[in-house]
Amino acid sequence: MINLTFDFDKIHDRRNTNSLKWDLFKDRIRAKYGVEDGSDILPMWVADMDFAIPEAVVDGIKERLSHPIFGYSYISDECKTAIVNWYERRHNWKIDPESLLFHSGVVPAIATVVETFTEPGDLVCASTPVYPYFFNIPKSLKREFVDCPLISNENMYEYDFNALEEVFKKGVKAYILCSPHNPGGVVWSKETLETLVQLCIKYDVLLISDEIHQDIVFEGYNHIPTLTVKNSEKAKIITLTAPTKTFNLAGLHAAIIVAPNETLRLKLRQTKAAHGLDDWNILATAGVQAVYEKGDAWLDEMISYVSKNIDYLEEQLNQLEGIRVIRPQASYLVWIDYRETGIDENEMMDRLLNKGRLAIEPGTKYGEAGRGYLRINLACPRSTVEEGIKRFKKALQ
């Protein structure tokens, strides 16, 4: 067997490519933090890799481009088979192709699910710190968001199921799960997922399981799809996932909804139809099929590379007084605890942006439970990580 090697060290200049991460962020930090010139600021914030995508994606799209007609299309059985095979191969999860629906992204899919199964004024719950769309979308849809914060222990987050049950007793209609967890990097245990599913069954709560980070799991841990745990077939569960985090394909706009419950699936189809929401475009379909068929080696090597980046970040930042790196079990996003420094968030962001010239995420973006933390993206060449660490240290001098 040929050992493939991918060049994750190579720097790709993404400036002036209409990149949210590298170009548009300068407008955002100007508006929020008053940074007038962001041209020399290093962006390590949004969950977007600086690695070249797998060649299989490019090849798959090029092959489709060779045909000169781009008429109306549909997602082929071959593409669905590639999806099903990927999840069985990587996660031991056997998905019925009939349970698949398609969307432009996990975030708009969350909105579609919340809109379909709740009404204005209904209670929608999640556990902070968490990806901000989990609370922003329900609020935007006029639902009442209820927070049940996670418990922070020495190295990781845990659920307070007694507190969650009390919240569910208030009449929560839907709970949004982040599995693996963003920003904390937790791979939830079988026991945790089983307990959550049982509570959702007991209180008739729809469980929306966002599993977009499921493919990037480090050695010693295994992601457990929520729809595979004990009694999941008795619960109302809809899983949302995508290849976009796994292979850096956010620009293709391709997400997957897994809804084995036929009644739930039909309602989702009706909502999509009511809004004129179509499935993936023809190039996204070609790219996704190709990468799910041929992307394993690239992914395995990328995970190993990012793991070494995390090693280096831990080694360097844990030497700093008041700084503690929380090593993720999954994802290339790392949560940094700076509470012991005594620096408040406004001052920390001012130091990072104006003194260190480094853009990373403030913890309160993920809810008040994130105060005193930062999130940094390590899906980038080692030289970028090294430069980012230099800037971080400079900001704290």
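The rules behind these values
Residues numbered from 1 in each chain as written. Predicted model: local features only at pLDDT ≥ 70, side-chain atom pairs only at ≥ 80, totals over all residues. Heavy atoms only, no water. Salt bridge = Lys/Arg side-chain N within 4 Å of Asp/Glu carboxyl O. Helix = DSSP H or I, 4+ residues; strand = E, 2+ residues; numbered from the N terminus. Buried < 20%, exposed > 50% of the residue type's maximum accessible area, 1.4 Å probe, protein only. Phe/Tyr/Trp six-rings, centres within 6.5 Å; stacked < 30°, edge-to-face > 60°. Contact = heavy atoms within 4.5 Å. Pairing = 2+ DSSP bridges. Axes fitted to C-alpha atoms, helices over the stretch in contact; angles between N-to-C directions. Parallel < 35°, antiparallel > 145°, perpendicular 65-115°, else oblique. Left-handed = near helix turned anticlockwise from the far one by under 90°. Lys, Arg positive; Asp, Glu negative; His and termini not counted. Polar contact = N/O pair within 3.5 Å; in protein donor to acceptor, adjacent residues only side chain to side chain. Expected span 1.5 Å × (residues − 1). Arc of directions from axis to C-beta. Right-handed = clockwise from strand over helix to strand, strands pointing away. Nonpolar A, V, L, I, M, F, W, Y, C, P; charged D, E, K, R; others polar.

So, on to the pattern of salt bridges. One pass over the structure, following the stated rule, counts 22 salt bridges. Salt-bridge contacts for R14 lead to D48; the nearest nitrogen and oxygen are separated by 2.8 Å. Separated by 34 residues along the polypeptide, R14 in the segment before α1 (20–33) and D48 in the loop between β1 (42–43) and α2 (55–65) bring together distant segments of the chain. This pair shows no difference in class: R14 is buried, exactly as D48 is. The residue E166 makes a salt bridge to K169 at a minimum N-O spacing of 3.0 Å. Exposure remark for E166: the relative accessible area of 45% places this residue in the partly exposed category. A single network of salt bridges, built from pairs that share partners, joins R14, K21, D48 and D50.

Given two aromatic rings, their pairing is described by the distance between the two centres and the angle made by the two planes. Scanning the model with the defined rule gives 22 aromatic pairs in all. Considering the side-chain rings of F8 and W298, the 5.6 Å spacing of their centres and the 65° angle between planes classify their relative orientation as edge-to-face. With F8 in the segment before α1 and W298 in helix α11 (residues 296–317), the pair connects residues that are 290 residues apart, well separated along the chain. This pair shows no difference in class: F8 is buried, exactly as W298 is.

The subject of this paragraph is the environment of L320. Positionally, L320 belongs in the loop between α11 and β11 (324–326). When the C-alpha positions of L320 and Y338 are compared, they lie 9.7 Å apart, and in sequence the two are 18 residues distant. Those residues in contact with L320 that sit more than four places away from it in its chain are F392, K393 and L396.

The antiparallel open sheet is built from four strands, whose spatial order is β11-β12-β15-β14. The sheet terminates laterally at β11 and β14 (361–362), the two strands that pair on one side only. Pairing of strand β12 (residues 333–337) with strand β15 (residues 373–377) involves five bridges; the strand directions are antiparallel. Residue D337 lies in a different strand from β15, and its bridge partner there is Y373.

Turning to the packing of helix α6 (residues 161–168) against helix α7 (residues 190–202), a few remarks are in order. A packed helix pair is summarised by two numbers, namely the angle formed by the two axes and the spacing between the axes. At a closest axis distance of 10 Å, the pairing of α6 and α7 adopts a crossing angle of 20°. In terms of orientation, α6 lies roughly parallel with respect to α7. Along this stretch, α6 crosses α7, giving a crossing that reads as right-handed. On the side of α6, the interface is formed by F161, L164, E165 and F168, while α7 contributes T192, T195, L196, L199, C200 and K202.

As a further point, take the side chain of D122. Here D122 is to be found in the loop between α4 (106–117) and β3 (123–126). Within the buried core, D122 has no salt-bridge partner, and the shortest N-O distance to an opposite charge, that of K173, equals 5.4 Å. Within the local environment of D122, its side chain forms a polar contact with the backbone nitrogen of E119, the two atoms lying 2.7 Å apart.

What follows covers helix α13 (residues 382–396). Taking 1.5 Å per residue as the helical rise, α13 with its 15 residues ought to reach 21 Å, and the 21 Å between its terminal C-alpha atoms agrees with that figure. T384, V385, G388, I389, R391, F392 and A395 are the residues of α13 that are buried. Projected down its long axis, α13 shows its buried positions confined to an angular sector of 165°, all on one face. Where the residues of α13 are buried, they touch β1, α11, β12, α12 (345–356), β13 (358–359) and β15.

P129 follows T128 through a cis peptide bond whose omega is 0°. By secondary structure assignment, the location of P129 is in the loop between β3 and α5 (133–140). Going from N182 to P183, the amide bond is cis rather than trans, its omega being 25°. For P183, the location among the structural elements is in the loop between β7 (172–178) and α7. At N92, a residue that is not glycine, the phi angle is positive and equals roughly 55°. Relative to the assigned elements, N92 resides in the loop between α3 (77–91) and β2 (100–103). Backbone geometry at K142 places phi at a positive 70°, although glycine is not the residue there. Among the secondary structure elements, K142 is positioned in the loop between α5 and β4 (144–147).

Taking 1.5 Å as the rise per residue, α7 with 13 residues should run 18 Å; its terminal C-alpha atoms sit 18 Å apart, in good agreement. Inspection of α7 places T192, L193, E194, L196, V197, L199 and C200 among the buried residues, and these make up the whole buried set. A positive phi of about 55° marks D204, the residue just after α7.

Once that is clear, we can look at the pairing of β4. Both β3 and β4 contribute to a ladder of four bridges, which runs parallel. Residue pairing in the sheet places L123 in a bridge with E144 of β4. Read as a crossover between parallel neighbours, the route from β3 over α5 to β4 is right-handed.

Okay, the packing of α3 against helix α10 (residues 282–294) next. In contact at an axis separation of 9 Å, α3 and α10 are set at 35° when each is read in the N-to-C sense. The two elements α3 and α10 cross, and the hand of that crossing is left-handed. Side by side, α3 and α10 meet where E78, C79, A82, I83, W86, Y87 and R89 of the first sit next to T285, Q289, V291, Y292 and E293 of the second. For the contact of α3 with α10, a count of residues per class yields seven nonpolar, two polar and three charged.

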